[in-house]
Amino acid sequence: MKVYKDLHTHSKYSKWNHGKNTIEELVKVAIEKKLEVIAISDHAPGHPFGVRKKLLEKRRNEILKLREKYPQIKILVGLEANLVSKNGDIDVDSKLRQNLDICLMGFHRAGFGGFWNMLKFGLWKSLFGKNQIKSNTTAYINAIEKNNIDIIAHLQQYIKVDVGKVAAAAQKKGILIEINNRHLKFTKDDVKAMLKTGCKFIISSDAHRKNSVGEFENAIKFVVDNQIPIENIVNVKE
Ligand SMILES: [Zn+2]
Ligand SMILES: [Zn+2]
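Predicted model only: the values in this text are computed from it and were never measured.

Parameters and conventions
- Residues numbered from 1 in each chain as written.
- Chains lettered and ligands numbered in written order.
- Predicted model: local features only at pLDDT ≥ 70, side-chain atom pairs only at ≥ 80, totals over all residues.
- Heavy atoms only, no water.
- Donors = N, O, S within 2.8 Å, 3.2 Å for Na, K, Ca; no water.
- Helix = DSSP H or I, 4+ residues; strand = E, 2+ residues; numbered from the N terminus.
- Buried < 20%, exposed > 50% of the residue type's maximum accessible area, 1.4 Å probe, protein only.
- Core = buried A, V, L, I, M, F, W, Y, C linked by side-chain atoms within 4.5 Å.
- Contact = heavy atoms within 4.5 Å.

The protein atoms that coordinate the zinc ion (ligand 2) are H8 (NE2), H10 (NE2), E80 (OE) and D206 (OD), at distances of 2.0 to 2.4 Å. Sequence positions of the donors to the zinc ion (ligand 2) reduce to the motif H-x1-H-x69-E-x125-D. The metal-metal distance between the zinc ion (ligand 2) and the zinc ion (ligand 1) is 3.4 Å, with E80 serving as a donor to both. Pair noted here: H10 is in the loop between β2 (5–9) and α1 (23–32) and D206 is in the loop between β8 (201–204) and α8 (217–225), with a separation of 196 residues, a long-range link. Of the two residues examined, H10 and D206, each falls in the buried class.

Set out below in structure tokens:
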């Protein structure tokens, strides 16, 4: 099984050394590993480790230049948005979205407000209790319905949802469910519930350093162990 696109990677544009390498370094590894597409999907500016707003344009221009330098690979401008409210609001608005090729969305505990985050750290617990499955599910479905997103990142990682319901809503809008090489918390029953909806999956590395670009070993093992049909995964070839 060959995975040929990696649409979830973090670069040095993420704050606090969250992503370790330059975009060019990530791209070079992607080429070495014979990937056909890579997306640079740093956290959105609302996340404490996110790209600074004033650097978004610079980051985009850098990617556009690299496209000319490395025509053998497709390089996409992406962001990983954070789910920030029960109403399904995310920290990538439509204006920000206009300059992106791709938008991922996930829930992150640290996603509630830059510098004051440490003080606010308890907030996510009251908003998104780990086991408040019903309201967490509604938050995801609201986010799917009201935002222009392409991929739901690492579902079930930090808060629990009814994955069957989230996957059904995603399937209706053509949004992909991620099989994340680093964060993989789906149970066998989760997989069964998702497969019933006919949703499509995408395998991602979620690389934060160059050597992890194109690393899919855990994800592939998960696909094999759970007998997820290859036709349901959009970025693999036999
Ligand atoms: Zn994430
Ligand atoms: Zn990520």
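Let us look at the coordination of the zinc ion (ligand 1). On the protein side, the zinc ion (ligand 1) has E80 (OE), H108 (NE2) and H154 (NE2) as donor atoms, found 2.0 to 2.1 Å from it. In the primary structure, the donors to the zinc ion (ligand 1) are separated according to the pattern E-x27-H-x45-H. You can call E80 buried: its relative accessible area is 1%.

In this section: the nonpolar core. Counting residues in hydrophobic clusters, the biggest one holds 63 residues, and the most contacted among them are Y140, I152 and I177. When residues no more than four places from it in sequence are discounted, the contact partners of Y140 are L83, M105, G106, F107, I152, L155, I159, V161 and V166.

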